[in-house]
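# Structure assessment
Take a look at the letters that make up each chain.
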Amino acid sequence: MRVLKGQGGGSLFVKTHPKSKNLWVDTPLNPDPKIAQSIAVFDITNFDAGFKVLPIAEWAKLGDGPKRVVQPEYNAAGDEVWFSVWNGKDQKSAIVVVDDKTLKLKKVIDDPRIITPTGKFNVHNTGEDVY
């Protein structure tokens, strides 16, 4: 057990994968938009190094709105992490895909039918209890 100091309060999900060295921490309920719109990534082999901040909502390029970044979810291979970017019901929302090794943006899925994307759990990881 270890206590980590992240970006601040308002976290809902933390996620890692057996094939990854990263721990992803969201903070969508933080009142500071810069924090709520980003993600903290810890290297689990070196927690003392602190964390890197990735601007997930900025990468989504959605325009106006609260753009709260939530629910990191790995793909079955453990090499991508998918994030929901919640926006208002009349604003664009998206799913942002990040490369787990490089921490670089891979893809933004921003179809107009995506409204506050929730529950994008990976069936393999959930069914096999991969965390």
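Going by the structure above, here's the rest.
Residues numbered from 1 in each chain as written. Predicted model: local features only at pLDDT ≥ 70, side-chain atom pairs only at ≥ 80, totals over all residues. Heavy atoms only, no water.

In this section: the nonpolar core. By size, the foremost hydrophobic cluster in this structure holds 17 residues, and its most contacted members are Trp24, Ile39, Leu54, Ile56, Phe83 and Val85. Taken together, the elements giving at least two residues each to this core come down to strand E3 (39-43), helix H2 (56-60), strand E5 (68-74), strand E6 (80-86) and strand E7 (94-99). What Leu54 contacts, discounting residues up to four positions off in sequence, is Trp24, Ser38, Ile39, Val41, Trp59, Val98 and Leu103. (Core = buried A, V, L, I, M, F, W, Y, C linked by side-chain atoms within 4.5 Å. Buried < 20%, exposed > 50% of the residue type's maximum accessible area, 1.4 Å probe, protein only. Helix = DSSP H or I, 4+ residues; strand = E, 2+ residues; numbered from the N terminus. Contact = heavy atoms within 4.5 Å.)

Attention now goes to the sheet that holds strand E1 (residues 14-15). Strands sit in the order E1-E2-E3-E4 across an open sheet of four strands; the sheet is antiparallel. Since the sheet does not close on itself, it has two edges, and those belong to E1 and strand E4 (51-54), each with one partner. Relative to strand E2 (residues 22-26), E1 is paired through two bridges, and the arrangement is antiparallel. Along E2, the bridge assignment pairs Val14 with Val25. (Pairing = 2+ DSSP bridges.)

It is worth spelling out the packing of aromatic side chains at this point. All chains considered together, the criterion is met by three aromatic pairs. Ring-pair connections join several aromatic residues into one group, and the members of that group are Phe42, Phe47 and Phe51. (Phe/Tyr/Trp six-rings, centres within 6.5 Å; stacked < 30°, edge-to-face > 60°.)

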